[in-house]
Amino acid sequence: MKKGVTKHELIKSLEATLKLTRVGVESLELLDRDTVVIHFEGGNEKSVNIACDSGIAIIRDISKSIEY
């Protein structure tokens, strides 16, 4: 991840981007250093393990977890 950028900042930026699409993501929640919860419109949730991930790997893991 780029120096000075936190996981929280990256997750919030990705959340804003995903909300601009039609995939139905309501929000992303960083539960702890290793887990992001994807909250979908309609109330469904999905947990994603981001332990030891780089910034681009976090984006890939979350994107793969969204069913299109």
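This text follows the structure it describes.
Quick caveat, the model's predicted, so the values are computed rather than measured. (Residues numbered from 1 in each chain as written. Predicted model: local features only at pLDDT ≥ 70, side-chain atom pairs only at ≥ 80, totals over all residues. Heavy atoms only, no water.)

Can you explain the sheet that holds strand E2 (residues 35-40)? Please cite residues and give values.
Overall, antiparallel pairing links the 3 strands, which are arranged E1-E2-E3 in an open sheet. One side of each edge strand has no neighbouring strand; the edge strands of this open sheet are strand E1 (25-32) and strand E3 (45-49). Across this sheet, the average inter-strand angle for adjacent strands is 20 degrees, counted without regard to direction. Most of the contacts of helix H1 (residues 7-19) go to E1, to which it runs at about 165 degrees, and overall it touches E1 and E2. Taken strand by strand, helix H2 (residues 55-65) contacts E1, E2 and E3, and its axis lies near 150 degrees from that of E3. (Pairing = 2+ DSSP bridges. Helix = DSSP H or I, 4+ residues; strand = E, 2+ residues; numbered from the N terminus. Axes fitted to C-alpha atoms, helices over the stretch in contact; angles between N-to-C directions. Contact = heavy atoms within 4.5 Å.)

Before we move on, can you summarise the environment of Glu45 with the specific residues and values?
Topologically, Glu45 is positioned in strand E3. The exposed category is assigned to Glu45, whose relative accessible area is 55%. Spatially, the C-alpha atom of Glu45 lies 9.6 Å from that of Leu28, the residues being 17 residues apart in sequence. When near neighbours in sequence (up to four residues on either side) are disregarded, Glu45 contacts Val37, Ile38, His39 and Phe40. A polar contact is formed between the side chain of Glu45 and the side chain of His39, at a distance of 3.1 Å. (Buried < 20%, exposed > 50% of the residue type's maximum accessible area, 1.4 Å probe, protein only. Polar contact = N/O pair within 3.5 Å; in protein donor to acceptor, adjacent residues only side chain to side chain.)

Kindly report on unusual backbone geometry, identifying the contributing residues and their values.
Of note, the phi angle at Cys52 is positive, near 60 degrees, even though the residue is not glycine. With respect to the helices and strands, Cys52 occurs in the loop between E3 and H2.

So what's going on with the pattern of salt bridges? Which residues, and what values?
All told, the structure shown has 1 salt bridge when counted by the stated rule. Between Lys12 and Glu15 there is a salt bridge; the shortest N-O distance is 3.3 Å. Here Glu15 and Lys12 lie together in helix H1, a separation of 3 residues that amounts to about one turn. Owing to a relative accessible area of 11%, Glu15 belongs among the buried residues under this scheme. (Salt bridge = Lys/Arg side-chain N within 4 Å of Asp/Glu carboxyl O.)

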